[in-house]
Amino acid sequence: MVEFHNINKSYGENEAVKDVSFSVGEGELFGLIGPDGAGKSTLFRILTTVLLADSGNVLFNGKDVVADYKYIRENVGYMPGKFSLYQDLSVTENLKFFATIFNTTIDENYELIKDIYQQLEPFGNRKAGALSGGMKQKLALSCALIHKPKVLVLDEPTFGVDAVSRKEFWDMLKSLKAKGVTILVSTPYMDEAELCDRIALIQKGRILDINTPKGIVEQFERQLFIVSNVAIYPALQALENNPATQNAYSFGQEIHVYADEITSANAIKQVLENGGLKNPEVSVGTPNIEDCFMDLMVRGNLEESAHA
Amino acid sequence: MRTLKFLLQKEFLQIFRNKAMLPIIFVLPIVQLVVLTFAADFELKNITYVVYDADKSQTSERLMNQFAASPFFKFKGAMANFNDGMSALDENQATLFIRIPPRFEHDLAKEKSAQIMLDVNSIDGQAATLSFSYASGIINSFSSEIRQEWNGLPEQLTMPIQVEKRYWFNPEMAYKNLMVPGILALLVTMIGLFLSAMNVVREKEIGTIEQINVTPISKVHFLIGKLLPFWVIAMFEMAFGLTIGYLIFNIPVNGSLILLFSYVSIYMLVVLGMGLWISGFADTQQQAMFLAWFVTVIFILMSGLFTPIENMPDWAQKLTYVNPVAYLIKVLRSVLLKGSTFAQMQWEFVKISLFAVTMLILAVRGYRKRN
């Protein structure tokens with residue numbers, strides 16, 4: 001449905017996207033996962049015809065996004081990272097406006113947005129600027145869907161939204177997917193990655209890996225140990241000083257250690273106790289997407305510095 | 001068409017929902033017209049003056065009486081010596097210092113000529129020139145009066161050629177008749193340029209343009225949606241301002257209003273096109289604001305409203321060829337005061353139409369839906 005072929009894009013000296021290729025199948029819920037500044041928005045803006053790539057091309061349902069930009073504009077629903085509806089217009093006015101510029105009406109495609117829009121209807125006369133974060137997001141989604149797009153592109157839709165609204169939002173995406181909409185979504189939240197059909201991990205403009213969330217986790221080749229009940233900073237120092245445990249990262253109140261040679265929790269415990277930490281608890285863990293991302297990122301950086 | 005209708009509806013909704021907008025539309029023209037027309041009056045009255053009369057003769061007293069009788073001058077006191085007079089100028093107690101030397105009458109009688117010194121505070125050059133010329137007028141007429149008396153010449157011989165002035169198209173040289181059309185021109189220019197320059201940039205700033213750019217809406221539709229509401233507002237401003245001018249200042253309307261509004265309707269395309277062009281390359285409202293100001297100030301100062309274009313150096317006069325405000329003022333004055341017809345104004349129509357086409361092309365090209 002959507003194919004990126006060798007996309008490059010620089011902003012002056014800064015290379016935002018480097019040789020990115022991937023494709024998204026019809027009806028797929030595809031996630032671009034990566035930190036801020038990884039190049040997610042750049043890729044989405046190229047796809048939605050508002051930005052030109054330096055090289056490479058993107059095909060949307062077999063049509064080139066540069067040559068056939070009109071086709072893409074009619075068939076893509078885009079929700080930019082920043083809330084970009086008219087804050088001084090009401091909920092209904094916004095929706096009506098976007099329906100009109102897509103040459104359609106609210107009634108015509110009401111079916112698609114019904115579930116989402118019903119929650120907004122009680123606030124129909126409220127100005128968009130006066131809505132809560134979650135409500136704004138629902139309105140933006142409704143506006144992006146009003147013309148029944150083939151592909152929905154959502155740039156960090158849950159950024160700055162509370163946990164309940166985030167969950168609701170992903171439920172909405174699932175039901176849209178069930179209705180046959182292809183969805184591309186970007187997010188910096190790793191927990192959301194597991195809700196996608198397939199994900200691309202992206203960092204510094206490069207794709208680190210593309211797979212199903214399960215496939216990504218299965219590829220994790222190292223042993224994961226979870227360290228708890230320690231003061232984070234001294235424990236990290238102790239682990240990093242030992243080459244065998246140097247890949248240690250803090251995850252909230254825990255530390256995740258990715259090890260190649262060490263295979264037992266006791267060995268890690270030993271390293272920590274040698275570093276002066278008392279009663280550390282170490283257990284073997286199952287890696288999640290974030291672990292895979294951190295691991296791939298470190299390897300990527302090593303490769304990069306080796307090339308340099 | 002339906003899209004356009006909705007675009008317009010949306011723009012008007014936003015304009016009238018903006019609380020600052022209505023005062024701008026209604027209060028601004030009244031304030032500008034009323035305040036500026038009264039304030040920017042170049043007719044000088046009540047020029048303050050002090051006198052040091054060292055002669056204290058009958059003749060010098062007669063001359064001073066002439067000054068006192070003039071409506072242009074206001075007596076501020078007799079000075080005891082030269083220094084007092086100069087310090088009166090220094091301390092802004094008077095604009096003009098008249099010094100009559102000792103032996104004034106004596107010289108006049110014996111030598112047939114005498115001197116008077118006039119010191120004018122020239123901080124304001126224009127006022128100084130006027131004060132000086134009014135004073136010279138009084139002195140000249142006094143000297144011919146004296147000559148006539150003393151030499152006993154018949155009146156006709158004193159001034160063989162007499163100049164009779166008539167200000168055509170503005171017989172009373174009423175300043176407001178010149179000012180009101182000029183200020184109307186400034187008003188519609190400012191309103192049009194600022195509103196249009198700020199509007200698209202505002203969509204850039206709040207990010208809505210990103211959403212719009214992804215939609216299939218065409219560039220031209222979008223820009224018409226931006227242009228038309230402000231065009232309507234500007235035309236309304238023109239009508240509103242003209243009504244105020246007519247009711248309060250009684251400015252004459254000698255020409256056809258249809259002709260006038262046809263011209264303004266094309267003129268507004270120039271201004272709005274320029275505004276949209278500015279907002280095409282400005283990234284923030286601040287940038288747009290400064291650019292719009294820069295352009296407006298130059299246009300206004302070089303429009304011929306405050307200084308006649310004929311007084312400008314040659315290169316500056318050439319610059320006014322590309323100043324649409326200068327054209328508008330000229331046309332407004334011609335139609336209102338002179339009653340010019342379309343036949344007389346057709347070149348003005350051609351010029352402004354070319355201008356409009358150019359600006360609109362620039363505006364459409366300047367707005368990009370993709371980077």
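## Remarks on the overall build of chain A
Working step 1: Across its full length, chain A carries 11 helices and 14 strands.
Working step 2: The principal-axis extent of the C-alpha atoms belonging to chain A is close to 70 × 45 × 35 Å.
Working step 3: For chain A, the share of sequence-separated contacts (at least 6 apart) that also reach a separation of at least 24 residues comes to 70%.

## Focus on the sheet that holds strand 3 (residues 96-100) of chain B
Residue and element names in this part refer to chain B.
Working step 1: If you walk across this open sheet you meet the 4 strands as 2-1-3-4, and the pairing is mixed. The open sheet has two free edges, formed respectively by strand 2 (73-78) and strand 4 (117-120), since each of these has just one partner strand. The mean angle between the axes of side-by-side strands here comes to 25°, regardless of whether they run parallel or antiparallel.
Working step 2: By the bridge criterion, 5 bridges tie strand 1 (residues 47-53) to strand 3 in an arrangement that is parallel. Residue Tyr-49 lies in a different strand from strand 3, and its bridge partner there is Leu-96.

## Remarks on the domain arrangement of chain A
Working step 1: Segmenting chain A into domains produces domain 1 (2-217) and domain 2 (221-286).
Working step 2: Once you take the C-alpha centre of each, domain 1 of chain A and domain 2 of chain A turn out to be 38 Å apart.

## Thoughts on unusual backbone geometry
Residues and elements named next belong to chain B.
Working step 1: One non-glycine residue, Lys-56, lies in the positive phi region at around 55°.
Working step 2: Mapped onto the elements, Lys-56 comes out in the loop between strand 1 and helix 3 (58-69).
Working step 3: Given 12 C-beta atoms within 10 Å, Lys-56 falls into the exposed group.
Working step 4: Of note, Asn-250 is a non-glycine position whose phi angle comes to about 55°, a positive value.

## Brief notes about helix 9 (residues 232-240) of chain A
Residue and element names in this part refer to chain A.
Working step 1: What helix 9 keeps buried is the set Ala-235, Ala-238 and Leu-239. One face of helix 9 carries all of its buried residues, which in axial projection span an arc of 95°.
Working step 2: Tucked inside the fold, the buried residues of helix 9 contact strand 11 (223-228), strand 12 (248-251), strand 13 (254-259) and helix 10 (265-274).

## Digging into the sheet that holds strand 4 (residues 55-60) of chain A
One key point about sheets: their strands pair by backbone hydrogen bonds, in either a parallel or an antiparallel sense.
All names here are of chain A.
Working step 1: Spatial strand order, 2-1-4-5: 4 strands in an open sheet with antiparallel pairing. Edge strands, defined here as strands with exactly one partner in the open sheet, are strand 2 (14-24) and strand 5 (63-64).
Working step 2: When strand 4 meets strand 5, the two strands line up antiparallel, connected through 2 bridges. Residue pairing for strand 5: Leu-59 is matched across the bridge by Asp-64.

## Things to note about the interface of chain B and chain A
Much of the literature gives interface size as the accessible area that the parts lose upon coming together.
Working step 1: Each partner contributes to the interface: chain B provides 20 residues, whereas chain A provides 24 residues.
Working step 2: Those elements giving two or more residues to the side of chain B that touches chain A turn out to be helix 1 (2-17) and helix 9 (208-214) of chain B.
Working step 3: The biggest single contributor to the side of chain B that touches chain A is helix 1 of chain B, with 7 residues.
Working step 4: Taken together, the residues of the side of chain B that touches chain A break down into 6 nonpolar, 8 polar and 6 charged.

## Describing the domain arrangement of chain B
Working step 1: Looking at the assigned domains, one finds that chain B contains domain 1 (2-40 + 172-366) and domain 2 (47-158).
Working step 2: One C-alpha centre belongs to domain 1 of chain B, the other to domain 2 of chain B, and the line joining them spans 48 Å.

Procedures and definitions
- Residues numbered from 1 in each chain as written.
- Chains lettered and ligands numbered in written order.
- Predicted model: local features only at pLDDT ≥ 70, side-chain atom pairs only at ≥ 80, totals over all residues.
- Helix = DSSP H or I, 4+ residues; strand = E, 2+ residues; numbered from the N terminus.
- Contact = placed C-beta atoms within 7 Å.
- Pairing = 2+ DSSP bridges.
- Axes fitted to C-alpha atoms, helices over the stretch in contact; angles between N-to-C directions.
- Domains from an automatic or database assignment.
- Buried ≥ 20, exposed ≤ 12 C-beta atoms within 10 Å, placed from the backbone.
- Arc of directions from axis to C-beta.
- Nonpolar A, V, L, I, M, F, W, Y, C, P; charged D, E, K, R; others polar.

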